[in-house]
Amino acid sequence: MYTKSELERFVEQAKKYARYGKVADYIPALGKADPNDLSIAICTPDGNVIDAGDTTHKVTLQSISKIIALALVLMERGEQEVFRKVGMEPTGDPFNSIAKLEEVQPAKPLNPMINAGALAVTHMIAGASVEERFQRLLQFVRKLAGNPTITYSPEVAQSEFETAFLNRSLCYFLKQHGIINEDVEELMDLYTKQCAIEMTCDDLARIGLIFAMDGRNPLTGEQIMPLDVARICKTFMVTCGMYNASGEFAIKIGIPAKSGVSGGILAAVPGRCGIGIFGPALDEKGNSLTGMKLLELLSKTYSLSIF
Ligand code: DON
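Fair warning: this is a prediction, and the values are worked out from it, not measured in the lab.

Caption draft 1: Main features of the site of the ligand. Taken together, 15 residues surround the ligand, and among them Tyr26, Gln62, Ser63, Glu160 and Tyr191 come closest. Contacts to the ligand include Asn167, whose side-chain N or O atom sits 2.9 Å from an oxygen atom. Val261 is positioned such that a nitrogen or oxygen atom in its backbone is 2.8 Å from an oxygen atom of the ligand. Relative to its unbound accessible area of 340 Å², the ligand is 99% covered by the protein chains. In terms of residue class, the shell around the ligand is built from 7 nonpolar, 7 polar and 1 charged. Counting contributing residues per domain, the shell around the ligand is built from domain 1 (4-62 + 199-302) and domain 2 (64-195), each supplying no fewer than three.

Caption draft 2: Quick look at helix H12 (residues 289-302). In a regular helix each residue adds 1.5 Å, so 14 residues correspond to 20 Å; H12 covers 20 Å between its end C-alpha atoms and thus fits that length. With 10 of its 14 residues buried, H12 lies for the most part within the structure. Considered for burial, the residues of H12 that qualify are Leu289, Thr290, Gly291, Met292, Leu294, Leu295, Glu296, Leu298, Ser299 and Tyr302. With its phi angle positive at about 50 degrees, Ser303 sits one or two positions after the end of H12.

Scoring rules and cut-offs
- Residues numbered from 1 in each chain as written.
- Predicted model: local features only at pLDDT ≥ 70, side-chain atom pairs only at ≥ 80, totals over all residues.
- Heavy atoms only, no water.
- Near = heavy atom within 4 Å.
- Polar contact = N/O pair within 3.5 Å; in protein donor to acceptor, adjacent residues only side chain to side chain.
- Areas by Shrake-Rupley, 256 points an atom, 1.4 Å probe, with all protein chains shown as cover.
- Nonpolar A, V, L, I, M, F, W, Y, C, P; charged D, E, K, R; others polar.
- Domains from an automatic or database assignment.
- Helix = DSSP H or I, 4+ residues; strand = E, 2+ residues; numbered from the N terminus.
- Expected span 1.5 Å × (residues − 1).
- Buried < 20%, exposed > 50% of the residue type's maximum accessible area, 1.4 Å probe, protein only.

Interpretation in functional terms is not warranted from these geometric data alone.
Below, the structure is given as structure tokens:
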């Protein structure tokens, strides 16, 4: 049903919007991206991947990593412990906002997709050292994508580590209120490496498929994450995956999805397919403008909305 030539046509159509977007440059290394890049991959339950655009380009996960780290800590620590430190409600605020931390009591982040909540989640990744915790996350990512060669970009991690003053301030706020209790520099080291894990949109689509299939790899039959964990992650993708654009995204596209400021989008169409997109031209809310246009075309053509 999904054909390469049709995907190629959609990519060309969506690319026209690149000039209205802007690459993220608050992480200096991301500023080098070409706003005209656009690629997409769709992975179906038979393991087939259909892709279009320049699919050799790699994208760093950035905020897409938040959904994967959440799945890992839910598996390691269970729902009760995780939701003691982070909430379940959308904020309607930008991803890096600090405002609601002070307004809502107790002072825990409202959800795991905003930066404050993601930092609390990364804090919960188990292990004796940053290296051990990062390797545990990386192994999980490799397993989800079925690709043991996935690694991270030291350049992008370092670039964010050197400039992440706002995220550091969120960490100190969380530490003051007892949500986290580790050294802030160590947490930033782990978090910036997590965000810099990089892969192609084919890999992203394969990960999307695992979420789409309720945590099970349909090819091997392995249940990589419990059904409940996959369900929680997909619910957060719908309610908070595109931050303060989640409502409009749900109406226009209607697919559980998570964006990153690198221009990546990971989407999971329940029971049907995983989708990976890389389009670094962002809108003002930090979501891929061309990627969302592409998803809109896809959703309308193939009736992919879950609603
Ligand atoms: O923490 C940050 O600001 C980045 N590493 C990730 C933010 C992000 O991807 C927001 N997404 N659209």
